[in-house]
Amino acid sequence: MGLKSHRWDPTTWRLKDFVNLDEIGPRMWTSFKENWYMGFTSFGGPPVHFKIFHDKYVSKLSWIDETVYQELFSICQAFSGPGSTKMHYCINLLRLGFPPAVLSFFLWSLPGALGMFGLAIGISNVGETLPRAVYALLSGLNAATVGIIALAAVQLAQKAITDKLTRLLVYLGAAAGLLYNALWYFPVLMLAAGVVAVVWDFRWLHGPVLWVVSKVKKGKVRDEEREVELREQRVPGGSGAEREVVREEDGKGTRERVSTGGDNADGQSQQQLRREEEEAEERVVPRSHQISVMSWKSGLALIVAFLASFVAVMLTRGLIPANPLLYRLFSNLYLAGTIIFGGGPVVIPLLREYIVAENWVSPRDFLIGLALIQGFPGPNFNFAVYLGTLTAINGGYSGVLGGFLGFLAIFLPGLWTVHGTMGLWSAIRGWRWVKSSLRGVNAAAVGLIYTAVYRLWQIGWIDEGFSQGKSLADDPWWVVVTAGSYVGGAWFGVEPPVACIFGAVLGLVRYGVVEAQGY
């Protein structure tokens, strides 16, 4: 398989193709060529990142197909760590192998990390208050970012929704995420969605439901009518369908077939789609067609090794109360990187508990970083670099060391576990129940993106009087900025970096017109 085609063929892929030392150079160059700019241009957070990856790696380069993309999306969302960063890493791992994937990770994450480090150095040297123009600029960035994330959520939902069940799971995932928030809550929601999809696809409840329905019906149903009713329950869109005999001529004679639900184009396409899905679910993917980064035993060994490291870090943290500040910083962020499910939108409130609650960083500095991370490219997990740098400086240590520990601790758990998971995935991805559960997990994960839109909307407006954050809905100006960002991306193809600049400028315009003029 040559590099020039940029097309990943799962039927010919072998791990030995990626460890040939003669090919490491070209593959490293391919990784650099295709990824060098993404760390500078990928604004908008994880929801937008997923769309960028789809456009680039599926539509443009054809490194993976739509099915593999959806599988990777579900895996990266279902397990802890930075969702979009893991997705980017896994795509490059599948296409180019381990060393180029590591290079792609640094190209993806370092620009934003260095930017957040520089921001932390600057914030550590300012006074207790900032000019109001700065607050207006930050609020404009937040408002534009909300519009970008909302658009990405809609576009991802359009891909995740394939039937009425996934439509319902997207809605319920979003609704449940809005109503409650806890560390254990998001993984439980996604697990429940996966179970529901398995129960639905395997039709475990269809028999009991039909039995109950038949009992409450009045009168006696003829055997032929009951058979037709049961068929309608099995065929999507079959409710209320009529049974008719259609005669067809194929040149060899006349044959009859039974048509349920009418022969309109809609019904045929839905039935055909369902048949194809069921046939695909029944097939076990041949081993030669499976994604195989490593053996399942190696993948399991990696996960066990990570769990051992996690236990060691947590035991040291708990049994030795006089640990240095930098070790406590590392252990807190290592714990956060391990238990964060849901990616970037979830990391913000958790880091507040683990950093601000420890009195290592002030609430004001935290919110300033929160506003600016929305306008920075790359992963939101780079926020840990900002917090680590400030924690080290406030404690009398080197800011460089604090930023490095923050970067390492927040990213390492997710990348470590997802690499091991890819080994296990090659062995189980063809199982029918796995495919069904991923369908549900994917739908619920997309629904949770709408939760991120709401959370940021509620704290997006910051100023001197409310540095803890206030709802963007309290001022129509910010509503207009958010709507403009959404409409610009949806209707006119405005890129996220341009939308962020647009929001910042409008924030300054509001300051100039409303604040400076005293209106």
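Just so we're clear, the structure is a prediction, and the values are computed from it rather than from any experiment.

**Q** Please give an account of the overall build of the protein chain that cites residues and values.
**A** Scanning the protein chain from terminus to terminus reveals 21 helices and four strands. When each of the 519 residues of the protein chain is scored for burial, the buried share is 49%. Across the protein chain, the fraction of contacts at a sequence separation of at least 24, relative to all contacts at a separation of at least 6, is 73%. Of the roughly 24600 Å² of accessible surface on the protein chain, a fraction of 64% belongs to carbon and sulfur atoms.

**Q** Account for the environment of Ile149, naming residues and giving values.
**A** With respect to the helices, strands and loops of the structure, Ile149 is situated in helix α7 (residues 132-160). The spacing of Ile149 and Phe43 is 106 residues in sequence and 10.0 Å in space, taken between C-alpha atoms. Excluding its chain neighbours within four sequence positions, the residues that come into contact with Ile149 are Gly44, Pro47, Val48, Ile449, Val453 and Leu456.

**Q** So what about the state of the cysteines? Which residues, and what values?
**A** Under the criterion given, the structure shown has zero disulfides. Looking at the unpaired Cys90, the closest cysteine sulfur is the one in Cys76, lying at 4.5 Å.

**Q** Could you give an account of the environment of Met294, with specific residues and numbers?
**A** Here Met294 shows up in the loop between α12 (265-282) and α13 (296-319). Residue Met294 is classed as buried on the basis of its relative accessible area, which comes to 13%. Setting aside residues no more than four positions away along its own chain, Met294 makes contact with Gly299, Leu302, His419, Gly423 and Ser426.

**Q** Any chance you could break down the UniProt feature "transmembrane region" (unreviewed entry) in the protein chain for me, citing the residues and the numbers?
**A** UniProt marks residues 96-121, 133-156, 168-186, 300-320, 332-354, 366-388 and 400-428 with the feature "transmembrane region" (unreviewed entry), using the numbering shown here. Summarising residues 133-156: 100% helix, 0% strand, and an end-to-end C-alpha distance of 35 Å. With 100% helix and 0% strand, residues 400-428 has its two end C-alpha atoms placed 42 Å apart.

**Q** Lay out the environment of Leu415 in plain terms, naming residues and giving numbers.
**A** Within the secondary structure, Leu415 is located in helix α18 (residues 399-428). Given the relative accessible area of 13%, Leu415 is considered buried. For the pair Leu415 and Tyr89, spaced 326 residues apart in sequence, the C-alpha separation works out to 7.9 Å. With near-sequence residues (within four places) excluded, Leu415 lies in contact with Thr85, Lys86, Tyr89 and Phe105.

**Q** Can you explain the nonpolar core? Please cite residues and give values.
**A** Judged by nonpolar contacts, the single largest core of 115 residues is most densely connected at Phe53, Leu72, Met87, Phe383 and Tyr386. In terms of residue count, α7 provides more of this core than any other element does, 14 residues in total. The contact partners of Phe53, leaving out residues within four places of it in the chain, are Met38, Val58, Tyr69, Ser84, Met87, His88, Ile91 and Trp108.

**Q** Describe the packing of helix α6 (residues 98-123) against α18, with residues and values.
**A** Running from N to C, α6 and α18 point in directions that differ by 145°, and their axes come no closer than 12 Å. The hand of the α6/α18 crossing is right-handed. For the pair formed by α6 and α18, the contact residues are Phe98, Phe105, Phe106, Ser109, Leu110, Ala113 and Phe117 on the first element and Gly399, Val400, Phe407, Phe411, Leu415 and His419 on the second. Of the residues belonging to the contact of α6 with α18, the class tally is ten nonpolar, three polar and no charged.

**Q** If you had to explain unusual backbone geometry to someone new, which residues and values would you point to?
**A** The backbone phi angle of Ser62 is positive, close to 55°, even though this residue is not glycine. Mapped onto the secondary structure, Ser62 falls in the loop between α3 (46-60) and α4 (66-78).

Cut-offs applied
- Residues numbered from 1 in each chain as written.
- Predicted model: local features only at pLDDT ≥ 70, side-chain atom pairs only at ≥ 80, totals over all residues.
- Heavy atoms only, no water.
- Helix = DSSP H or I, 4+ residues; strand = E, 2+ residues; numbered from the N terminus.
- Buried < 20%, exposed > 50% of the residue type's maximum accessible area, 1.4 Å probe, protein only.
- Contact = heavy atoms within 4.5 Å.
- Areas by Shrake-Rupley, 256 points an atom, 1.4 Å probe, with all protein chains shown as cover.
- Disulfide = S-S within 2.5 Å.
- UniProt positions renumbered as here; feature names shortened; annotations may be inferred.
- Core = buried A, V, L, I, M, F, W, Y, C linked by side-chain atoms within 4.5 Å.
- Axes fitted to C-alpha atoms, helices over the stretch in contact; angles between N-to-C directions.
- Left-handed = near helix turned anticlockwise from the far one by under 90°.
- Nonpolar A, V, L, I, M, F, W, Y, C, P; charged D, E, K, R; others polar.

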